[in-house]
Amino acid sequence: MKVELQNITKIFPSRNKKSNEMVVAVNDFTFTVPDGKLIGLLGPSGCGKSTTLYMISGLQKPTSGKIFFGEDDVTELPPEKRGIGLVFQNYALYPHMTVKQNILFPLQNLKGVDKLSKEQMLDRVDEVSKLVQLEQYLDRKPSEMSGGQQQRVAIARALVKMPRVLLLDEPLSNLDARLRLQTREEIRRIQRETGITTIFVTHDQEEAMSISDMIVVMKLGVIQQVGEPQEVYDNPVNLFVSKFLGTPPINVFNGHIRSGKLYIGEEVIADAKDVSDKEVYVGIRPEGFIVDPNGKLTCNLESREVMGRDVSIVSNHPESANPIVRSIVDSESPIDVDAQTIKYNIKKTKMFVFDKETEERIFLEGDKLPYHLTQYVQEKESVNSKSSEESTQEENS
Ligand code: ADP
Ligand code: MG
């Protein structure tokens, strides 16, 4: 089921009774979640992720705009008529019920044409508990299970009604690191097996990048960029996006453009033909540095950490926006650990230039332009329909 948001805006009255200021939680969102895909809504706390999810679920009404499931306008439809499954951060299971009763519960409340026989209900419970690998725990109470298992019960409960769309709001936040990793792989597997269109909310960039087919990066209720995780990482449209994605984070330098050249301090880093003179930020990913005694950028060497295949170098630079510059380079790199300075060349595809005032990307000659969302969906759809024949052949072989 394709999910489409058209110019969705949500304005809340202020929570502070003394002020009349409104909060624009979600500002003019337009994007399409392609059928059967897992999309990650990503952004810092308060950027409007949950509000977006609740509007898709029907728990909240948009102030303006429309929401479509497939070709159906569901904007005015109550949540129970939308065919959604919802999973929240805290699993909210019924503590006095067994796992089986918890999963059964949503089915027992179905009315009218949707009503199922006892046998049908038990079949469904069997099916989803297999899917989330909880068959052997059906008689336990939630308190007798780990956080990860409880979250799987919550997922089973959301899936048991066979929703058209699965909505997950920070479902892994209450789990410890190991379980978080495991459960996110589990969610990805379940999503692939069921093919249910899924919207996954998180503030954790690594989590979003690792499980999503597509991410929507948001800031203060405004969409910043939409695309495949790798595409967004490789081609951020602004400083915020470049900083939000990636661990270790991108290195940011103060720079300037003069007479068609990009400078950091006194050093010329690259050509910037046809760009007018201005102050800029230069973002360089840690993996974008190449150690070279004749390199263009000179940093003050602090320390070197060997990480097996790679070496992580900590240095600093007077124009760096952060106290340290971190690079990750090949372990074969010629590094003189006793030297005071280290020189780098920069990989062009790992360096992004941003206007200092607007923080928007300045594209240099040779830079690839990022996809716009609609182009993205259209292009992917046409690629998918072309390659679907090949992929069925692959599946059969
Ligand atoms: P996120 O899930 O990304 O952390 P939310 O969608 O919960 O963000 O909130 C977005 C903004 O809307 C925040 O500024 C939040 O304080 C505000 N907000 C959310 N719900 C309400 C509400 N019911 N009343 C007033 N303001 C709200
Ligand atoms: Mg939230």
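Scoring rules and cut-offs
- Residues numbered from 1 in each chain as written.
- Chains lettered and ligands numbered in written order.
- Predicted model: local features only at pLDDT ≥ 70, side-chain atom pairs only at ≥ 80, totals over all residues.
- Heavy atoms only, no water.
- Helix = DSSP H or I, 4+ residues; strand = E, 2+ residues; numbered from the N terminus.
- Buried < 20%, exposed > 50% of the residue type's maximum accessible area, 1.4 Å probe, protein only.
- Areas by Shrake-Rupley, 256 points an atom, 1.4 Å probe, with all protein chains shown as cover.
- Lys, Arg positive; Asp, Glu negative; His and termini not counted.
- Charge placed at Lys NZ, Arg CZ, Asp CG, Glu CD.
- 1 Å grid on protein atoms, 1.4 Å probe; cavity = no way out; pocket = protein on both sides within 12 Å on 5 of 7 lines; lining within 4 Å.
- Points joined across faces, edges and corners; volume = space filled by probe spheres on them.
- Nonpolar A, V, L, I, M, F, W, Y, C, P; charged D, E, K, R; others polar.
- Salt bridge = Lys/Arg side-chain N within 4 Å of Asp/Glu carboxyl O.
- Near = heavy atom within 4 Å.
- Polar contact = N/O pair within 3.5 Å; in protein donor to acceptor, adjacent residues only side chain to side chain.
- Sits in = over half its atoms within 2 Å of the grid points.
- Core = buried A, V, L, I, M, F, W, Y, C linked by side-chain atoms within 4.5 Å.
- Contact = heavy atoms within 4.5 Å.
- Domains from an automatic or database assignment.
- Buried area = accessible area lost by both parts, 1.4 Å probe.
- Phe/Tyr/Trp six-rings, centres within 6.5 Å; stacked < 30°, edge-to-face > 60°.
- Pairing = 2+ DSSP bridges.
- Axes fitted to C-alpha atoms, helices over the stretch in contact; angles between N-to-C directions.
- Patch = residues over 30% accessible without salt bridge, like charges linked within 9 Å, V, L, I, M, F, W, Y side chains within 5 Å.

## A closer look at the overall build of the chain
Thought 1: A tally of regular secondary structure across the chain gives nine helices and 21 strands.
Thought 2: By principal-axis analysis of the C-alpha atoms, the chain measures approximately 75 × 55 × 50 Å.
Thought 3: Taken across its 397 residues, the chain has 47% of its residues classed as buried.
Thought 4: Summed over all atoms, the accessible surface of the chain reaches about 20400 Å², with 48% contributed by carbon and sulfur.
Thought 5: Across the chain, the centroid of the 49 positively charged side chains sits 6 Å from that of the 58 negatively charged ones.

## A closer look at empty space enclosed by the protein
Thought 1: For the structure on display, the rule yields one cavity of 30 Å³ or more.
Thought 2: What the largest cavity holds in volume is close to 40 Å³.
Thought 3: In terms of lining residues, the largest cavity is bounded by Ile-155, Leu-166, Leu-168, Ile-187, Ile-190 and Gln-191.
Thought 4: Looking at side-chain class alone, the lining of the largest cavity contains five nonpolar, one polar and no charged residues.

## Notes on the pattern of salt bridges
Thought 1: By the definition in use, this model includes 17 salt bridges.
Thought 2: The salt bridge partner of Arg-184 is Glu-206, with a shortest N-O separation of 3.8 Å. Separated by 22 residues along the polypeptide, Arg-184 in helix 5 (residues 177–194) and Glu-206 in helix 6 (residues 205–211) bring together distant segments of the chain.
Thought 3: On the basis of relative accessible area, Glu-206 is assigned to the partly exposed category, the value being 42%.
Thought 4: One salt-bridge network, held together by shared partners, links Arg-152, Glu-186, Arg-189 and Glu-193.

## Observations concerning the site of ligand 1
Thought 1: Around ligand 1 sit 13 residues in total, of which Gly-46, Gly-48, Lys-49, Ser-50 and Thr-51 are the nearest.
Thought 2: Cys-47 places a polar main-chain atom, nitrogen or oxygen, 3.2 Å from an oxygen atom of ligand 1.
Thought 3: At a separation of 2.8 Å, an oxygen atom of ligand 1 approaches a polar side-chain atom of Ser-50.
Thought 4: When ligand 1 sits alone it has 560 Å² of accessible area, and the protein chains cover 73% of it.
Thought 5: Taking a 2 Å distance to the grid points as the criterion, the majority of the atoms of ligand 1 fall inside the second largest pocket.
Thought 6: Of all the elements, helix 1 (residues 49–57) adds the most residues to the shell around ligand 1, at three residues.
Thought 7: Split into classes, the residues belonging to the shell around ligand 1 amount to six nonpolar, five polar and two charged.

## As for the nonpolar core
Thought 1: Counting 36 residues, the largest nonpolar core has Ile-103, Val-153, Ile-155, Leu-159, Ile-187 and Phe-200 as the members making the most contacts within it.
Thought 2: Counting residues per element, the ones that place at least two in this core are helix 2 (99–108), helix 3 (118–131), helix 4 (147–159), strand 7 (165–169) and helix 5.
Thought 3: Setting aside residues no more than four positions away along its own chain, Val-153 makes contact with Leu-93, Val-99, Asn-102, Ile-103, Leu-134 and Met-145.
Thought 4: Counting residues in each nonpolar core, the second largest holds 28 residues, with Val-280, Val-282, Ile-335 and Leu-364 among its members.

## Here we look at the domain arrangement of the chain
The accessible area lost on association of the parts is a frequent measure of interface size.
Thought 1: Once the domains are mapped, the chain shows domain 1 (3–234) and domain 2 (248–373).
Thought 2: Taking the mean C-alpha position of each, domain 1 and domain 2 sit 39 Å from one another.
Thought 3: The interface of domain 1 with domain 2 comprises nine residues on the first partner and eight residues on the second.
Thought 4: The junction of domain 1 with domain 2 conceals about 670 Å² of combined surface from both sides, 48% of it contributed by carbon and sulfur atoms.
Thought 5: A per-residue breakdown of the area domain 1 buries against domain 2 is headed by Glu-231, Tyr-233 and Asp-234, which together make up 63% of the total.
Thought 6: Connecting domain 1 to domain 2 are zero salt bridges.

## Quick word on the packing of aromatic side chains
Thought 1: Applying the stated criterion across every chain, the model contains five aromatic pairs.
Thought 2: Relative to Phe-31, the ring of Phe-29 lies with its centre 6.3 Å away and its plane at 55°, an arrangement referred to as tilted. Just as Phe-29 is buried, Phe-31 falls in that class too.
Thought 3: Centroid distance Phe-240 to Phe-244: 5.5 Å. Interplanar angle 15°. Geometry classified as stacked. Here Phe-240 pairs with Phe-244, and both are found in helix 8 (residues 239–244), just four residues apart, close to one helical turn.

## Topic: the sheet that holds strand 1 (residues 3–12)
Thought 1: What the four strands build is an open sheet, ordered 2-1-4-5; its pairing is antiparallel. Two strands close off the open sheet at either side, each with one partner strand: strand 2 (23–33) and strand 5 (72–73).
Thought 2: Pairing of strand 4 (residues 64–69) with strand 5, which is carried by two bridges, proceeds in the antiparallel orientation. Bridged to Phe-69 within strand 5 is Asp-72.
Thought 3: Where helix 1 meets the sheet, its contacts fall on strand 1, strand 2 and strand 4, and the angle it forms with strand 1 comes to roughly 120°.

## A word on a nonpolar patch on the surface
Thought 1: Together, Ile-11, Met-22 and Val-24 make up a nonpolar patch on the protein surface, roughly 260 Å² of accessible area in all.
Thought 2: What makes Val-24 partly exposed here is its relative accessible area of 39%.

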